[in-house]
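Fold and contact review
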Amino acid sequence: MPEPLTWQIATVTAIRAETPQVSSFTLALPAWRAHRAGQHYDVRLTAPDGYRAQRSYSIASPPSRRGEVDLTIERIADGEVSPYFHDVVEVGDRVEVRGPIGGYFVWEPVLGGPLLLIAGGSGVVPLMAMLRERAAADGAAPAVLLSSARTLEDVIYRDELAALAAADRGLRLIQTLTRAQPPGWTGYDRRIDRPMLAEALAAAGAPPLAYICGPTLLVEAAANGLVELGVSPAQVRTERFGPTS
Amino acid sequence: MSDPFVSRGFTGRAHDPGDKAGRIPPGQYLTDGFPVLSAGPTPQIGLDRWAFTIEGLVAAPITWSWEQFTALPSRDWTVDISCVTKWTKLDTAWHGVSLDDLLAAVEVDPRARFVTAHSYGGYTTNLPLTDVLNNQAFVAWQYDDAPLEPAHGGPARLVVPHLYFWKSAKWVRGLRLMAEDEPGFWESLGYHNRGDPWREERYSGD
Amino acid sequence: MDDPMVLDANAVAGDLAELFGFEVTAVVHRCAHCGNVAAVGTLLAWTHGPGVTLRCSICREVVVRFVRTGSRTFLDVRGAAYLDMQRG
């Protein structure tokens, strides 16, 4: 029986800007436990008067990095917790966390594939943990990442994803930029819809394990779309983030 | 026991109430926003289907259509509201009909001592009759001079400002007058049966 | 369904794990209302409220509710006909 889940005080050891609105925070954990790709940590902030705010953030780093995790956090303008991370937190600060959490929206290489990963904005974070885990495992099943961002500079992990895809013919990236596209852009330029889902499904090659993460409305549209295209509902796992950022 | 952990530089959303501090019940924080809280999907009720019914211990039940209901004597209300999740909002402006006027349209049986509010979507909450008479409660269809939004309980919701806001049932569809008290959706799962914010009656046993 | 605030049960997996001592989202349940058999992780979660309400993704009826008071948790699982849990 694993130890019960309790809150622990983590220390921020690194902060890395991923995009103008998104940064990754490395947390050293005194009671680190190996996680599975797709899991998250709960973060709890406490003010001097006792006021508390709590949010969940997906783990971006693979479990092979012992003793610490990366949480990639988007700054939500009227949020309570993400602005604290972006505007206040410095290396050396301590943060109360609980985890790793999640038993359903998880993937390990032993589960096989092909993997069909669909991301809206910062929904790419848990899916990146899956792709990083997959890259570390030899002979992993094919994977397709269909992701949506507003502009090119908002694409999280852009360079790393390009490098992974360049080195691995079994990984296919499909990107859509919904607000503005750079000159010469050859990807999609609209919200994820049926034709894009159909292309991603075809690229997967065989009935996939699908993981969809991002704003609630995007996740629902994509999940419904996949089922309408013939994917079994039991093969579609979702993680809704709530209202769109 | 060590001091609880405090996050450096975190102050939370709470505003300094300043000279309004006396209007904030204990344990509450003042907010400018209007958080949306719910236990299920927002019901989509067309006004052509919407109806409000008073039934139970009454001589005869009554049902109003939307046109009939909104033609009842109504007025503006400006009240402070407190949610058990700790936010308080001052001077909220509503328009609707008092429960006094609604109950005056039926002959309430003298055995009736409690009322349960029922909502589209299945939510319920229970109140003593004495807490909803004498201008203490109303059914509102406007907020801030505009039709009440579905997210905040529209087409119409119950508002009982002197109790925690879970008693102000969103998407209300009727009242049932009863001799016995019947705990509603949250009252049956650990929340206080009455919910007076000034006595911090949040949970059962408080 | 067009409610942008709804989440998956995964969002409260931490609170449930703290209560049960193990991951609950992977546990299979049968909806007492419509009979759907699925992982608890598929339930739709309304987390902004006096308590948390988890509803069946097929029929939208309440499967699980819980309330955390100062020191206690009240849990209602009447909406689940059963929970199917691996021992050991």
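Residues numbered from 1 in each chain as written. Chains lettered and ligands numbered in written order. Predicted model: local features only at pLDDT ≥ 70, side-chain atom pairs only at ≥ 80, totals over all residues.

1. A few points about the overall build of chain C
Counting its secondary structure elements, chain C contains one helix and eight strands. In chain C, the succession of α and β elements from N to C terminus is β-α-β-β-β-β-β-β-β. The globule rule puts the C-alpha radius of gyration for 88 residues at 12 Å, and the 12 Å found for chain C is close to it. In terms of its C-alpha atoms, chain C occupies a principal-axis envelope of roughly 35 × 35 × 20 Å. For chain C, the residues scored as buried account for 45% of the 88 residues in total. Sequence-distant contacts in chain C: of pairs separated by 6 or more residues, those separated by 24 or more amount to 42%. (Helix = DSSP H or I, 4+ residues; strand = E, 2+ residues; numbered from the N terminus. Rg over C-alpha atoms; globule rule 2.2 N^0.38 Å. Buried ≥ 20, exposed ≤ 12 C-beta atoms within 10 Å, placed from the backbone. Contact = placed C-beta atoms within 7 Å.)

2. So, the sheet that holds strand β3 (residues 62-65) of chain B
The pairing of strands in a sheet happens through backbone hydrogen bonds and is either parallel or antiparallel. Residue and element names in this part refer to chain B. An order of β3-β2-β11-β6-β7 is seen for the five strands of this open sheet, with the pairing classed as mixed. Sheet topology places β3 and β7 (124-128) at the edges, where each strand pairs with a single neighbour. Each neighbouring strand pair of the sheet contributes to a mean axis angle of 15°, computed without reference to strand direction. (Pairing = 2+ DSSP bridges. Axes fitted to C-alpha atoms, helices over the stretch in contact; angles between N-to-C directions.)

3. Considering the interface of chain C and chain A
With 18 residues of chain C at the interface, the matching set in chain A holds 19 residues. Among the elements that take part in the side of chain C that touches chain A, helix α1 (residues 13-20) of chain C stands out by supplying four residues, more than any other. A breakdown of the residues in the side of chain C that touches chain A according to their chemical character gives 10 nonpolar, five polar and three charged. (Nonpolar A, V, L, I, M, F, W, Y, C, P; charged D, E, K, R; others polar.)

4. Points about the confidence of the model for chain C
A low pLDDT means the predicted coordinates there should not be read in detail. All names here are of chain C. For chain C, mean pLDDT is 94; residues scoring 70 or higher make up 98% of the total. Mean pLDDT across the elements of chain C bottoms out in α1 (92) and peaks in strand β2 (residues 28-31) (98). For this predicted complex, the interface confidence score (ipTM) comes to 0.93, while the overall pTM stands at 0.94. (pLDDT = per-residue confidence, 0-100.)

5. Some remarks on α1 of chain C
Here α1 of chain C has its buried residues at A13, G14, D15, L16 and A17 of chain C. Residues of α1 of chain C that are buried make contact with β3 (40-46) and β6 (94-101) of chain A together with β6 (62-68) of chain C. G21 of chain C sits one or two residues past α1 of chain C and shows a positive phi near 90°.

6. Brief notes about the nonpolar core
Core analysis: the biggest nonpolar cluster contains 131 residues, and L117, L127 and Y211 of chain A together with A45 of chain C have the highest contact counts within it. Of all the elements, helix α2 (residues 124-136) of chain A adds the most residues to this core, at seven residues. Each of domain 1 (7-101) and domain 2 (109-240) of chain A contributes no fewer than three residues to this core. (Core = buried A, V, L, I, M, F, W, Y, C linked by C-beta atoms within 7 Å. Domains from an automatic or database assignment.)

7. Overview of the sheet that holds strand β11 (residues 236-240) of chain A
All names here are of chain A. Overall, parallel pairing links the five strands, which are arranged β9-β8-β7-β10-β11 in an open sheet. This sheet does not close on itself; its edge strands, each paired only once, are β9 (171-177) and β11. Looking at each pair of strands side by side, their axes are set apart by 10° on average, direction ignored. Pairing of strand β7 (residues 115-120) with strand β8 (residues 143-149) involves six bridges; the strand directions are parallel. What sits directly across from A119, in β8, is S147.

8. Concerning the pairing of strand β11 (residues 172-178) of chain B
When a strand is regular, its side chains alternate between the sheet's two faces. Residue and element names in this part refer to chain B. For β11, the tally of buried residues reaches six of seven residues, placing the bulk of the element in the interior. Across four bridges, strand β2 (residues 51-56) lies against β11 in parallel orientation. Each residue of the ladder has a partner; that of I54, found in β11, is L175. As judged from the six bridges shared by strand β6 (residues 114-119) and β11, these two strands associate in the antiparallel manner. Each residue of the ladder has a partner; that of A117, found in β11, is L175.

9. A look at the pairing of β2 of chain C
All names here are of chain C. A one-sided burial pattern is seen for β2, the buried positions being H29 and C31 and the unburied ones V28 and R30. When β2 meets strand β3 (residues 37-39), the two strands line up antiparallel, connected through three bridges. Within β3, the residue paired with H29 across the bridge is A38. Bridge count between β2 and strand β8 (residues 80-84): four bridges; the pairing is antiparallel. Residue pairing for β8: V28 is matched across the bridge by D84.

10. Regarding the interface of chain C and chain B
Taken together, the contact pairs 16 residues of chain C with 16 residues of chain B. A breakdown of the residues in the side of chain C that touches chain B according to their chemical character gives six nonpolar, five polar and five charged.

11. Some details on unusual backbone geometry
P100 of chain A follows G99 of chain A through a cis peptide bond whose omega is -5°. Mapped onto the elements of the fold, P100 of chain A is located in strand β6. G154 of chain B connects to P155 of chain B through a cis peptide bond whose omega is 20°. Structurally, the position occupied by P155 of chain B is in the loop between β9 (146-147) and β10 (157-159). One non-glycine residue, N135 of chain B, lies in positive phi territory at about 60°. Along the chain, the position of N135 of chain B falls in the loop between β7 and β8 (138-143). Of the residues examined, N135 of chain B has 12 C-beta atoms within 10 Å and is grouped as exposed. Positive phi is not limited to glycine here, since R60 of chain C has a value of about 70°. Here R60 of chain C shows up in the loop between β5 (52-55) and β6. Exposure remark for R60 of chain C: the 17 C-beta atoms within 10 Å place this residue in the partly exposed category.

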